[in-house]
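Chain by chain, the residues:
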Amino acid sequence: MFSPGLDLDHLLEKAEREEKLSPAELLFLLELEKPEQLNRLFERACILRNRYFGKKVFLYSFIYFSTYCRNDCTFCYYRRSNSHPRRYRKTETEVLEAARSMAGSGVHLVDLTMGEDPYYFQRHGFEPLVDLVKKIREATALPVMVSPGVIPGDLFGKLARAGADWYACYQETYNRDLFHRLRIDQSYRLRFESKKKAMESGLLVEDGLLAGVGENASDVAFSLKTISDLGVHQARVMSFVPQEGTPLGGRPGPPLERELKIIALLRLLMPDRLIPASLDVDGVKGLQARLGAGANVITSLIPPQLGYAGVAQSIRDIDDGCRTVRGVIPILRQMGLEVAPLEQYRLWIEDERKKLRRHFGKASAS
Ligand code: SF4
């Protein structure tokens, strides 16, 4: 594409000065294709990452404790109407065992994820979830992220008081039409607003995009800008992986470069935020490329042999122990990166939560 007035060197220098890139500039960068140009983009993203985080990388465990869901997202293996998945809902004892095991292995955070499980949303309410957060916090002393879907507004404060630090909720795209084709019968607005409510309640927020589900480059540029304006603390992108038994099951996944470019642009837009390299798309095989595009968190580390699934890759690299701290350390070493001390992660979280409290005042939970 010919973009008058736009020049790669100029845009990379602008990003390095931490000046905001416009949607047109993001679009220009998203459309880069030559390997030499992409390498320059990734290098610049890593320079910005290193400015704030040095060579240190954070590690997140992923505990997908219920694979039941009331929703029917067209891209998701665990959509309500799919009969293929082996569904499970782990007991409190089982989740605590997994969390302790991951804490012992050296992760920085426990990510508690579930589908919008009717057990909580309709039958038993959210007290068991609040309780679980409290017990995991007590058992591991680690920061906790909750990814429970769109929840009632009064629950954010309760989760924060129980010890949660993070709320993760992925919009997938900020193209409204595409959102409604992906997240059937779900509210775009409620999903967006839930992130703001979580921040007002003192929780750090992660948003996320899904690449390869019918978005065009303009949609991605707009989504990146919206996420950056929202002021989230962590932003991830994951490539779509076709899932058996789903409406999008016959659609091929996107080329890896698309996800890598988005990782790099997230870093250019938000140099001091956390940007994950997820193991849930290509397993450990794709880790080096994602870190090389500017990511500074490894997500989806899963305890082996305990019957836990990933979301996009339900079994890949799990039971052989590759998606563990021990499994990723050699890759970090090869890249001259290292696992951050837990204290560094705790301090980062504390600082960001203080900023939220200052911003939202009394509404924010301590
Ligand atoms: S993406 Fe989440 S909300 Fe949608 S069907 Fe899957 S588990 Fe449910």
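Up top is the structure.
These remarks concern the structure in this document. Remember, predicted model here, so these are calculated numbers, not experimental data. (Residues numbered from 1 in each chain as written. Predicted model: local features only at pLDDT ≥ 70, side-chain atom pairs only at ≥ 80, totals over all residues. Heavy atoms only, no water.)

Across its full length, the protein holds 14 helices and 9 strands. In terms of C-alpha radius of gyration, the protein reaches 19 Å, essentially the compact-globule figure of 21 Å for 366 residues. Its C-alpha atoms give the protein principal-axis dimensions of roughly 60 × 45 × 45 Å. For the protein, the share of sequence-separated contacts (at least 6 apart) that also reach a separation of at least 24 residues comes to 74%. Approximately 14800 Å² of the protein is accessible, and the part contributed by carbon and sulfur atoms is 50%. Within the protein, one finds 52 positive and 47 negative side-chain charges whose respective centroids are separated by 3 Å. (Helix = DSSP H or I, 4+ residues; strand = E, 2+ residues; numbered from the N terminus. Rg over C-alpha atoms; globule rule 2.2 N^0.38 Å. Contact = heavy atoms within 4.5 Å. Areas by Shrake-Rupley, 256 points an atom, 1.4 Å probe, with all protein chains shown as cover. Lys, Arg positive; Asp, Glu negative; His and termini not counted. Charge placed at Lys NZ, Arg CZ, Asp CG, Glu CD.)

Interaxial distance between helix α6 (residues 127-140) and helix α7 (residues 154-162) falls to 8 Å at its minimum, and their mutual angle equals 25 degrees. One finds that α6 runs roughly parallel with respect to α7. Judged by the twist between their axes, the crossing of α6 over α7 is right-handed. Together, E127, L129, V130, V133, K134 and R137 of α6 and L155, K158, L159 and A162 of α7 make up the contact between the two elements. Broken down by class, the residue content of the contact of α6 with α7 amounts to 6 nonpolar, no polar and 4 charged. (Axes fitted to C-alpha atoms, helices over the stretch in contact; angles between N-to-C directions. Parallel < 35°, antiparallel > 145°, perpendicular 65-115°, else oblique. Left-handed = near helix turned anticlockwise from the far one by under 90°. Nonpolar A, V, L, I, M, F, W, Y, C, P; charged D, E, K, R; others polar.)

On to the site of the ligand. Inspection of the region around the ligand gives Y64, C69, N71, C73, F75, C76, R79, G115 and R183 as its neighbouring residues. Among the detected pockets, the ligand sits in the largest cavity. Of the residues contributing to the shell around the ligand, the split by class is 5 nonpolar, 2 polar and 2 charged. (Near = heavy atom within 4 Å. 1 Å grid on protein atoms, 1.4 Å probe; cavity = no way out; pocket = protein on both sides within 12 Å on 5 of 7 lines; lining within 4 Å. Sits in = over half its atoms within 2 Å of the grid points.)

On to the packing of aromatic side chains. In total, this model carries 15 aromatic pairs according to the counting rule given. Ring centres of Y119 and Y120 lie 4.9 Å apart, and the angle between their planes is 75 degrees; on these two criteria the pair is classed as edge-to-face. The class for Y119 is partly exposed, based on a relative accessible area of 23%. Residue classification places Y120 among the buried positions, given a relative accessible area of 5%. Seen in terms of ring centroids, F121 and F126 are 4.9 Å apart; in terms of plane orientation they differ by 80 degrees. Their pairing is edge-to-face. Taking the relative accessible area as the measure of exposure, F126 reaches 12% and is therefore buried. Members of the aromatic cluster, each reached through a chain of ring pairs, are F53, F58, Y60 and Y345. Its end group placed over the ring of Y68, R89 keeps NZ or CZ at 4.6 Å from the ring centre. (Phe/Tyr/Trp six-rings, centres within 6.5 Å; stacked < 30°, edge-to-face > 60°. Buried < 20%, exposed > 50% of the residue type's maximum accessible area, 1.4 Å probe, protein only. Lys NZ or Arg CZ within 6 Å of the ring centre and 35° of its normal.)

Looking now at helix α14 (residues 342-360). With 19 residues, α14 should reach 27 Å at 1.5 Å per residue; the first-to-last C-alpha distance of 27 Å fits that figure. Within α14, the full set of buried residues consists of Y345, W348, I349, E352, R353 and L356. Considered in projection along α14, the buried side chains sweep an arc of 120 degrees and stay on one side of the axis. Directly after α14, the chain includes G361, whose backbone phi takes a positive value near 60 degrees. (Expected span 1.5 Å × (residues − 1). Arc of directions from axis to C-beta.)

Time to look at empty space enclosed by the protein. Applying the stated criterion across every chain, the model contains 2 cavities of 30 Å³ or more. Around the largest cavity sit 43 residues that line it, and T113, Y170, E172, R183 and V311 are the ones nearest its centre. Where the lining of the largest cavity is concerned, the elements lending two or more residues are β1 (56-66), β2 (109-114), β3 (144-147), β5 (204-211), β6 (234-239), β7 (276-278) and β8 (297-301). The residue makeup of the lining of the largest cavity, split by class, is 22 nonpolar, 12 polar and 9 charged. Of the voids in this model, the second largest cavity is the one considered here, and its volume is about 40 Å³. Around the second largest cavity, the lining residues are E172, T173, L209, L210, E215, D219, V220, S223 and I262. Counting residues per element, the ones that place at least two in the lining of the second largest cavity are β5 and α10 (217-230). Per element, the largest residue contribution to the lining of the second largest cavity is 3 residues, and it comes from α10. Taken together, the residues that form the lining of the second largest cavity break down as 4 nonpolar, 2 polar and 3 charged. (Points joined across faces, edges and corners; volume = space filled by probe spheres on them.)

Next up on the list: the packing of helix α2 (residues 23-30) against helix α11 (residues 256-269). Interhelical geometry of α2 versus α11 gives an angle of 145 degrees and a closest axis separation of 10 Å. Our pair here, α2 against α11, has a crossing hand that is right-handed. Of the residues in α11, those touching α2 at L26, L29 and L30 are K261, I262, L265, L268 and L269. Grouping the constituent residues of the contact of α2 with α11 by class yields 7 nonpolar, no polar and 1 charged.

Phi is positive for A141, which is not a glycine, with a value near 60 degrees. Note on placement: A141 falls in the loop between α6 and β3. In this model, D185 sits at a positive phi of 60 degrees, which is unusual for a non-glycine residue. Looking at where D185 falls in the secondary structure, it is placed in the loop between α8 (176-182) and α9 (188-200).

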